[in-house]
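# Descriptive analysis of the structure
As a plain string of letters, each chain reads:
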Amino acid sequence: MVEKIDKHILKNGMVLLGEPMEVVESAAFNFMLPMGASLLPDGCCGAGTVIIDWIFRGAGARGSKELCDALDSLGLHRSGGISSSHMTIGAVLEASNLHESLDIYRDVIRSSRLEADQFELSKQLAIDVVKGLDDDPRQKVMLKLREKFYPEPLGRNSLGDIEELEALTVDKAAEIIKMNFNLSQAIFMVAGKYDFSEVVRQAENLFETDESNSIEAPTAIAHENKYTHLPNDGAQVHIGLMTRTVLPGDEDYYNARVAVSVLSGGMSARLFTEVREKRGLCYAVGARYHGLKEAAGIACYAGTTPEKAQETLDVITAEFKRLADGISEEEIQRAKVGLKSTLVLQSESSCSRANGIGSDYYILGRVRSLDEIKEKIEATSVDSVLAFLRKNEFKDFTVVTIGPKEVKVG
Amino acid sequence: MEFKKKELSNGLTIVGEVNKSAKSAAVGFFVKTGARDESNEINGVSHFMEHMLFKGTKKLSALEVNEAFDRTGAQFNAFTSEENTVFYAATLPEYLIEVTNLWIDLMRPELRDEDFNIEKNVIKEEIAMYKDLPNFDVMDKCRHLYFDGDSCGNSILGSEESIDNMTAEQMRNYFSNRYAPNNMVLACVGDFDWERLCSQAQSPCGKWENQQVSRELNQSAGSGKCERVENQNLNREHICLMSQGVSAQDPRRFAAVLLSAIIGDDVGSRYFWELVDKALAETAVMQFGAMDGTGVFYSYVQCSNENSAKVLDIIRGIFQSVGKDGISGDELKKAKNKILSALVIKNEVPMGRLIDLGFNWTYLKQYRTIADDVNAIRAVTIDDIHSLIEEFNLCNFTQLSLGPAASKE
């Protein structure tokens, strides 16, 4: 696999990244702005979902309708979201429309109209989304889990809560935008079919601003929240659990990834085999690595009917702990081939590449090539994974359940 | 891209689209069977059957099946709908033959009693899981209400009762009737060797016995009923509307897709401007679902209980206005751009392409290039959309809502 990463840094510090892909006709792009939930003022952590909607309600010369029409006319499929560290807005589209789209995104980022009546609508929608979360316990349990697991404010629920959203004012939201739409700390990435020198030239015109302020990373405070239960009279108990592990930049990162893959990579992995195949406890069960720049964990979800909830949790935690007792060569080989194959399959999609290079750059300060990742996965072994597991024992689980019955956490 | 096709003497069709510039390949079996092909007594058997296929063959245990897939690093899974059961895998080219051979083996499963009994628990957990997902639950219930006794309205998962009462023997009978080679398509896309694929499939698949397989096709106009199911545990109103559309075989399906995008795409549509932009509903989307011999326009809306009456009035207003005044050229142009770019992006990845290739053969016995579909979408005119609206009045919908007791909001 031969690949290259394009990179250019604007005078104001904004980073431009690109990964060209030969056989596609699409391009996917994202802007990562330092407006993640953990960087917002206390009491405003739902502001991100309000702002991400509000900024598209009219920008530059275009009103709300004209802006939406202009984006639709380019056949562009928008994406966006709020993570712990960033607000990301972007799209995937036919490559020939990239240039025109970036002009429009310039307006959205730099001269959104931010009208007060439109703010109220964005705020109402954000409140309704939080209310709707109660009807989606599977999503809610994982949001709550991150909040309880990560040191405060890293795991903040980016949707916020209703009281905070109701208290959010138009002035406060505008102030947050002014502060956090800081292009000197923004990352732009594009993947697919594009001309990088053209992208750079355009970005110099559109995004070369004078910025002096800087967004500081928050001080994270660990909290002791072993178990949280949210009563809900649904059909299942939704279980989320998370345990600490090494950061994405750690030398043991790939050992951690292979270990998680042995636990939950494919259908022959341990959780699926022990929890679902042998015992029929669940339909959905799975674990994955979840890493921020400052902290990382392995997060696991399972949904099961109330009478099976305790056994499900017990079997899952036992499997986490049993991993350090021994792993077969076969299991390691399956885990490695699974990770490498996923990597290649994702590399065919401009969307996944655009996301991949941006988060790499933010977390590691550079973009890893697919070859490098493959080599690092290849270099792991039974011994290296076991040594990692013994050094970084899976313990001290943070557990959250939503459902009609509580569980006992050992 | 090169299209390939071969039909075995027992009726199994193998179709392929070779694309040597792809980095991966995708392979799948498309079995023309689903919930609509079930009697009430065995409701849920198609989906249960899909699970049981992974439980192994005479020679392979369930764990060995999973290990064999995972050794290749393939991303593999299956899904069951009202009328199709699809088994698929995306893989690196060097593992394609191994993965295909595995699927071929699994298409003749052992269906052991012991596995059947354990898997019943997993199916019942899946039924419980969907009860906690009202956005799925409302669609399932609404489909049942719309088809009103027709088997197209059968629940895909079945009920706890139908699953409890089902026997392994009933499943074996269902299997031998429906998993016949003349009712299946083997499809493959991406970087692979066509001749090798066929020579691998020829001998084992050639032994499968064909059957008389049929499906009753009724074009249903829907019951037009309106029901609300109260659930104390819910916070929001979940509303599903369904009305008649064209079938998967009907050339007007492209116009139907465009019409649903004009009315209910997640951004820039009529629903978007009237409901979401005004913060009356947090979700409001319409999709067109083409089926074998029939078709349905689905709307899904999530809003507060107190807004629900207003939201429904607005939707009726949109349907009436579309019926009376039609759509604008600008709306059609935007919908085309969105649908066309989605089509191109989806088909860039072999796994995305596999689904279109397999379903085009299942429904149409036809190979359609991406360009064929692009041209068909480009060719749709305003008049095409208007005559569709005239024939299929959107106002004649069946409605099902799930929501809290009225006092909760």
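Residues numbered from 1 in each chain as written. Chains lettered and ligands numbered in written order. Predicted model: local features only at pLDDT ≥ 70, side-chain atom pairs only at ≥ 80, totals over all residues. Heavy atoms only, no water.

Another aspect to go through is the overall build of chain B. Scanning chain B from terminus to terminus reveals 15 helices and eleven strands. Computed over C-alpha atoms, the radius of gyration of chain B comes to 22 Å, within 12% of the 22 Å expected from 2.2 N^0.38 for 409 residues, which places it in the range of a compact globule. Counting over 409 residues, chain B shows a buried share of 62%. Considering only contacts in chain B between residues 6 or more positions apart, those separated by 24 or more positions represent 82%. Accessible surface for chain B amounts to roughly 15500 Å². Of this, 46% is attributable to carbon and sulfur atoms. Of the charged side chains in chain B, 43 are positive and 60 negative, and the gap between their average positions amounts to 3 Å. (Helix = DSSP H or I, 4+ residues; strand = E, 2+ residues; numbered from the N terminus. Rg over C-alpha atoms; globule rule 2.2 N^0.38 Å. Buried < 20%, exposed > 50% of the residue type's maximum accessible area, 1.4 Å probe, protein only. Contact = heavy atoms within 4.5 Å. Areas by Shrake-Rupley, 256 points an atom, 1.4 Å probe, with all protein chains shown as cover. Lys, Arg positive; Asp, Glu negative; His and termini not counted. Charge placed at Lys NZ, Arg CZ, Asp CG, Glu CD.)

This paragraph deals with the interface of chain A and chain B. Interface size, as often reported, equals the accessible area lost upon joining of the parts. Contacts between the two partners involve 66 residues from chain A, matched on the other side by 61 residues from chain B. Our enumeration of links across chain A and chain B arrives at nine salt bridges. Between Glu119 of chain B and Arg276 of chain A there is a salt bridge; the shortest N-O distance is 3.7 Å. Our count for the chain A to chain B interface comes out at 35 residue pairs in polar contact (both at pLDDT 80 or more). Counting residues per element, the ones that place at least two in the side of chain A that touches chain B are helix 2 (64-73), strand 4 (77-82), strand 5 (87-94), helix 4 (116-133), helix 5 (137-149), helix 10 (270-277), strand 10 (296-304) and helix 12 (329-346) of chain A. Broken down by class, the residue content of the side of chain A that touches chain B amounts to 20 nonpolar, 25 polar and 21 charged. (Salt bridge = Lys/Arg side-chain N within 4 Å of Asp/Glu carboxyl O. Polar contact = N/O pair within 3.5 Å; in protein donor to acceptor, adjacent residues only side chain to side chain. Nonpolar A, V, L, I, M, F, W, Y, C, P; charged D, E, K, R; others polar.)

A separate point is the pairing of strand 8 (residues 237-244) of chain A. All names here are of chain A. Counting buried residues in strand 8 gives seven out of eight residues, a clear majority hidden from the surface. Across five bridges, the pairing between strand 8 and strand 11 (residues 398-403) is antiparallel. Opposite Gly240, over in strand 11, you have Val400 as the bridge partner. (Pairing = 2+ DSSP bridges.)

This paragraph deals with the packing of aromatic side chains. Residue and element names in this part refer to chain B. Taken as a whole, this structure holds 35 aromatic pairs over all chains when the rule is applied. Consider the rings of Phe69 and Phe76, whose centres lie 4.0 Å apart with planes at 10°: the pair is stacked. With a centroid separation of 4.8 Å and an interplanar angle of 85°, the aromatic rings of Tyr146 and Phe147 are classed as edge-to-face. With a relative accessible area of 1%, Tyr146 lands in the buried category. What makes Phe147 buried here is its relative accessible area of 3%. (Phe/Tyr/Trp six-rings, centres within 6.5 Å; stacked < 30°, edge-to-face > 60°.)

Attention shifts here to the domain arrangement of chain B. Residue and element names in this part refer to chain B. In terms of domains, chain B is made up of domain 1 (2-206) and domain 2 (226-403). The C-alpha centroid of domain 2 is placed 27 Å from the C-alpha centroid of domain 1. Taken together, the contact between domain 1 and domain 2 spans 40 residues of the former and 35 residues of the latter. Taken together, the two surfaces of domain 1 and domain 2 that pack against each other cover about 3200 Å², and 78% of this comes from carbon and sulfur. (Domains from an automatic or database assignment. Buried area = accessible area lost by both parts, 1.4 Å probe.)

As a further point, take the domain arrangement of chain A. Residues and elements named next belong to chain A. We note that the domain assignment places domain 1 (6-207) and domain 2 (227-403) within chain A. Domain 1 and domain 2 are separated by 28 Å when their C-alpha centres are compared. Counting from both sides, the interface comprises 36 residues of domain 1 and, opposite them, 39 residues of domain 2. Here domain 1 meets domain 2 over a buried area of about 2900 Å², counting both sides, of which 76% is carbon and sulfur. At the boundary of domain 1 with domain 2, the tally comes to one salt bridge. Note that Arg353 and Glu19 form a salt bridge whose closest N and O atoms lie 2.9 Å from each other. Of all elements in the fold, only strand 1 (6-9), strand 2 (15-20), strand 3 (26-33), helix 5 and strand 6 (187-192) reach the threshold of two or more residues within the side of domain 1 that touches domain 2. No other element matches helix 5, which puts ten residues into the side of domain 1 that touches domain 2.

Before going further, it helps to examine the sheet that holds strand 4 of chain A. Residues and elements named next belong to chain A. Read from one edge to the other, the open sheet built from six strands follows the order 1-2-6-3-5-4, with strand pairing classed as mixed. Each edge of the open sheet carries a strand with a single partner, namely strand 1 and strand 4. Each adjacent strand pair in this sheet contributes to an overall mean axis angle of 15°, direction not counted. For strand 3 and strand 5, the ladder comprises eight bridges, and the chain directions are antiparallel. (Axes fitted to C-alpha atoms, helices over the stretch in contact; angles between N-to-C directions.)

Right, let's talk about the sheet that holds strand 4 (residues 75-80) of chain B for a bit. Residue and element names in this part refer to chain B. The six strands lie next to each other as 1-2-6-3-5-4, forming an open sheet whose pairing is mixed. Of all the strands in the sheet, the pair left with one neighbour each is strand 1 (2-7) and strand 4. Neighbour to neighbour, the strand axes of the sheet diverge by 10° on average, direction disregarded. Bridge count for strand 3 (residues 25-31) against strand 5 (residues 85-91) is seven bridges, and the pairing is antiparallel.

All names here are of chain A. Running from N to C, helix 3 (residues 98-110) and helix 8 (residues 196-207) point in directions that differ by 25°, and their axes come no closer than 10 Å. With respect to each other, helix 3 and helix 8 are oriented roughly parallel. As helix 3 runs across helix 8, the sense of the crossing is right-handed. Contacts from Leu98, His99, Leu102, Asp103, Arg106, Ile109 and Arg110 of helix 3 reach helix 8 at Glu198, Val199, Gln202, Leu206 and Phe207. Of the residues in the contact of helix 3 with helix 8, the class split is six nonpolar, two polar and four charged. (Parallel < 35°, antiparallel > 145°, perpendicular 65-115°, else oblique. Left-handed = near helix turned anticlockwise from the far one by under 90°.)

On to helix 11 (residues 308-325) of chain B, then. An α-helix turns once per 3.6 residues; consequently, residues spaced three or four apart project the same way. Taking 1.5 Å of rise per residue, the 18 residues of helix 11 of chain B would be expected to cover 26 Å, and the 25 Å separating its terminal C-alpha atoms lies within 8% of that figure. Positive phi appears at Gly326 of chain B, one or two residues downstream of helix 11 of chain B, with a value of about 75°. (Expected span 1.5 Å × (residues − 1).)

This part is about the pairing of strand 10 (residues 295-303) of chain B. Consecutive side chains of a regular strand alternate in pointing toward one face of the sheet and then the other. All names here are of chain B. Among the nine residues of strand 10, nine are classified as buried, and the element is accordingly described as predominantly covered. Burial of the side chains of strand 10 extends over both faces: Gly295, Phe297, Ser299, Val301 and Cys303 are buried on one face and Val296, Tyr298, Tyr300 and Gln302 on the other. Of the pairings in the sheet, the one linking strand 8 (residues 237-244) to strand 10 comprises eight bridges and is antiparallel in character. Paired with Ser243 across the strands is Phe297, a residue of strand 10. Turn length for the strand 9 (residues 281-290)-strand 10 hairpin, with the two strands adjacent in sequence and antiparallel, is four residues, and the turn residue Gly293 shows positive phi of about 80°.

Moving on: the packing of helix 3 (residues 96-106) of chain B against helix 8 (residues 194-206) of chain B. Residues and elements named next belong to chain B. Taken N-terminus to C-terminus, the directions of helix 3 and helix 8 make an angle of 20°; their axes are 10 Å apart at the nearest point. Relative to helix 8, the element helix 3 is oriented roughly parallel. Handedness of the crossing formed by helix 3 with helix 8: right-handed. Note on element contacts: helix 8 touches helix 3 through Arg196, Leu197, Gln200, Ala201, Pro204 and Cys205, opposite Leu96, Ile97, Thr100, Asn101 and Ile104. Considering only residue class, the contact of helix 3 with helix 8 consists of seven nonpolar, three polar and one charged.

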